[in-house]
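Tertiary structure, described
What follows is the residue order along each chain.
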Amino acid sequence: MKYYDKLIFELSRKGRCGYSLPEQQFPGVTGALPAELLREKPALLPEVSEVDVVRHYTNLSQMNFGVDTGFYPLGSCTMKYNPKINEEIAAMPAFGGLHPLQPECTLEGVKEIYDAMEKSLAAITGMKHFTFKPCAGAHGELTGLMIMREYHMRRGDTARVKVIVPDSAHGTNPASAAVCGLQIVVVKSKEDGLVDVEDLKPLLGPDVAGIMMTNPNTLGLFERDIKQIAALVHEAGGLLYYDGANMNPLLGVARPGDMGFDIMHLNLHKTFSTPHGGGGPGSGPVGVCDKLGDIVKSLQTSAFNGNFGVILRAYAYILMLGRQNIKMAGKLATLNANYIKESLKDSYKLPIESVCKHEFVFDGLINDGGTEEKHGATTLDVAKRLLDYGYHAPTIYFPLLFHQAMMIEPTETESKETLDAFIDVMHKIAAEAAEDPAILQEAPHNAPITRPDETAAARKPILKYQDEALQS
Ligand SMILES: *Cc1c(COP(=O)(O)O)cnc(C)c1O
């Protein structure tokens, strides 16, 4: 039996106590609270000993999984190690104690950091001006699209209501365009996973505001025709938006500004090593080319000036690496991804054979162990089995181009030994599937819970103990 087999409420025994208060020392003081402040019913609390409480919280803390506990190859998320010096700097009282409403004249140092950060990001991306207001990647997309729309409006070009998005795009791209009131037009990918330029050409016209792209795209492939695409879109009067959430592989190697993009966002919480997951915190600064500088300065898309703590961590990271070393980050991330891809392609279907950037996509197992009588193991089963071996699962069933998509992104911060151990386990899982897929289908065997109803868990989570008997 494991510690998590019983909830702390189930360990409760009537009258058991974890503390003892000293005797009342002040004669005449009753210490009784006024009746109107008292609960109608006693609080629902377990009655347990001190050691039960200590174990409860210690075990809870260890049920979590993070980059600091193990390898986390979650594609399109860049779960790289976040150096602890970033945290130390963000926690310094001079920064941690800032208040968004304090007088501007007391914020000269902070302004200097914003300026230096703008210069650094401009050098890295080839954009001219940045706004740091957006607090997430999707927030940056919305801001960028508002800039795009405003650009056309200011020129009196009001018919441009469509945004072109590749079928491989991250889900937030069409979602942001819809929130911005723009219509979405999908451009197809070719067999090789790249945007089909011939499919794009007839979509371009006087009603197109622009195109949203990611490069490398969500398959981890570099869009080699980007120069031609940029020329076509610009000729048609549109702008190019770059989703730079996953800028990692391009750091110091190539710049969206040089490829012809006009607007972009970065996810500081991915590429620039600030902790993320579980919904935040984030920072999605938006960069623009010179001609959009006025618009970006006048647009107010959030209160205050973004998530300063995250921006500061990213700045510490950039300074720590420096101009030379930051160039290595993307190259190592690319090397690590290709190493895993090549090492595993005899066990997992590789739908597109080519050199990838920081991530790649498998399309399920080559031998899923299925027969006429029994189903084979799916990508979900592989992901669940990985948990038994102590790894975070990759991103699964995204991008939507493949039915059994499994998107792996190792990042540059992992050693060859870590990658080898992961490769070993992935081979082991493939062998298990071939022999008896039920091992995977019943996984995880060692995790605190097995398989929840994922929709119910997301939509109707039960987050507190519910026991009628205890409550009454
Ligand atoms: C993560 C991601 C986003 C969204 O970023 P959030 O900060 O989660 O809003 C957008 N595009 C791509 C390609 C991403 O990987």
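The paragraphs below set out a description of the structure included in this document.

Analysis parameters
Residues numbered from 1 in each chain as written. Predicted model: local features only at pLDDT ≥ 70, side-chain atom pairs only at ≥ 80, totals over all residues. Heavy atoms only, no water. Salt bridge = Lys/Arg side-chain N within 4 Å of Asp/Glu carboxyl O. Buried < 20%, exposed > 50% of the residue type's maximum accessible area, 1.4 Å probe, protein only. Helix = DSSP H or I, 4+ residues; strand = E, 2+ residues; numbered from the N terminus. Pairing = 2+ DSSP bridges. Right-handed = clockwise from strand over helix to strand, strands pointing away. Contact = heavy atoms within 4.5 Å. Near = heavy atom within 4 Å. Polar contact = N/O pair within 3.5 Å; in protein donor to acceptor, adjacent residues only side chain to side chain. Areas by Shrake-Rupley, 256 points an atom, 1.4 Å probe, with all protein chains shown as cover. Axes fitted to C-alpha atoms, helices over the stretch in contact; angles between N-to-C directions.

So, the pattern of salt bridges
Side chains bearing opposite charge may pair, as long as their charged atoms lie close to each other. With the rule as written, the count across this model stands at 23 salt bridges. Close ionic contact of K345 with E353 constitutes a salt bridge, the shortest N to O distance being 3.1 Å. One continuous salt-bridge network, built from bridges that share partners, spans K341, E342, K345 and E353.

Structural notes on the pairing of strand β2 (residues 162–166)
In terms of residue burial, β2 counts as a mostly covered element, since 4 of its 5 residues are buried. With 5 bridges connecting them, β2 and strand β3 (residues 183–187) associate as parallel partners. Paired with K162 across the bridge in β3 is Q183. What joins β2 to β3 is helix α7 (residues 172–179), and the crossover it makes is right-handed. With 3 bridges joining them, β2 and strand β4 (residues 208–213) adopt parallel strand pairing. Its bridge partner lying in β4, K162 is registered against V208.

So, the environment of V208
Secondary-structure assignment places V208 in strand β4. Along the sequence, V208 and F272 sit 64 residues apart, while their C-alpha atoms lie 33 Å from each other. Ignoring anything within four residues of it in the chain, the contact list for V208 reads R160, K162, I164, L203 and G238.

Focus on the pairing of strand β10 (residues 405–408)
Covered by surrounding structure in β10 are A405 and M407 together with M406 and I408, the residues of both alternating faces. When strand β8 (residues 360–363) meets β10, the two strands line up antiparallel, connected through 4 bridges. Within the sheet, the bridge partner assigned to V361 lies in β10 and is M407. Bridge analysis of strand β9 (residues 395–396) against β10 gives 2 bridges, and the strand direction is antiparallel. Note that in β10 the partner of I396 across the bridge is M406.

A few points about the site of the ligand
Residues in close proximity to the ligand total 13 residues, the closest being S76, G137, D243, H269 and K270. Separating a nitrogen atom of the ligand from a side-chain N or O atom of H170 is a distance of 3.4 Å. Separating an oxygen atom of the ligand from a side-chain N or O atom of K270 is a distance of 2.8 Å. Considering the ligand on its own, with 380 Å² of exposed area, one finds that the protein chains cover 85% of that surface. Counting residues per element, the ones that place at least two in the shell around the ligand are α6 (137–154) and α11 (268–271). Tallying contributions element by element places α6 first for the shell around the ligand, with 3 residues.

Description of the sheet that holds β10
Spatial ordering of the open sheet is given by β8-β10-β9, a layout of 3 strands whose pairing is antiparallel. Strands with a single pairing partner mark the edges of an open sheet, and in this sheet they are β8 and β9. Sheet contacts for helix α13 (residues 308–344): β8 and β10; angle to β8, the most-contacted strand, approximately 20 degrees.

Some points on unusual backbone geometry
Note that the residue after N215, namely P216, is joined by a cis bond; omega there is 0 degrees. Locating P216 in the fold gives a position in the loop between β4 and α9 (226–235). The omega torsion of the bond from F398 to P399 falls at 0 degrees, within 30 degrees of zero and hence cis. Mapped onto the fold, P399 is located in the loop between β9 and β10. Positive phi, normally seen in glycine, also occurs at T78, with a value near 45 degrees. Of the residues examined, T78 reaches a relative accessible area of 0% and is grouped as buried. Despite not being glycine, F304 has its phi angle at roughly 60 degrees, a positive value. Classification of F304 as partly exposed rests on a relative accessible area of 45%.

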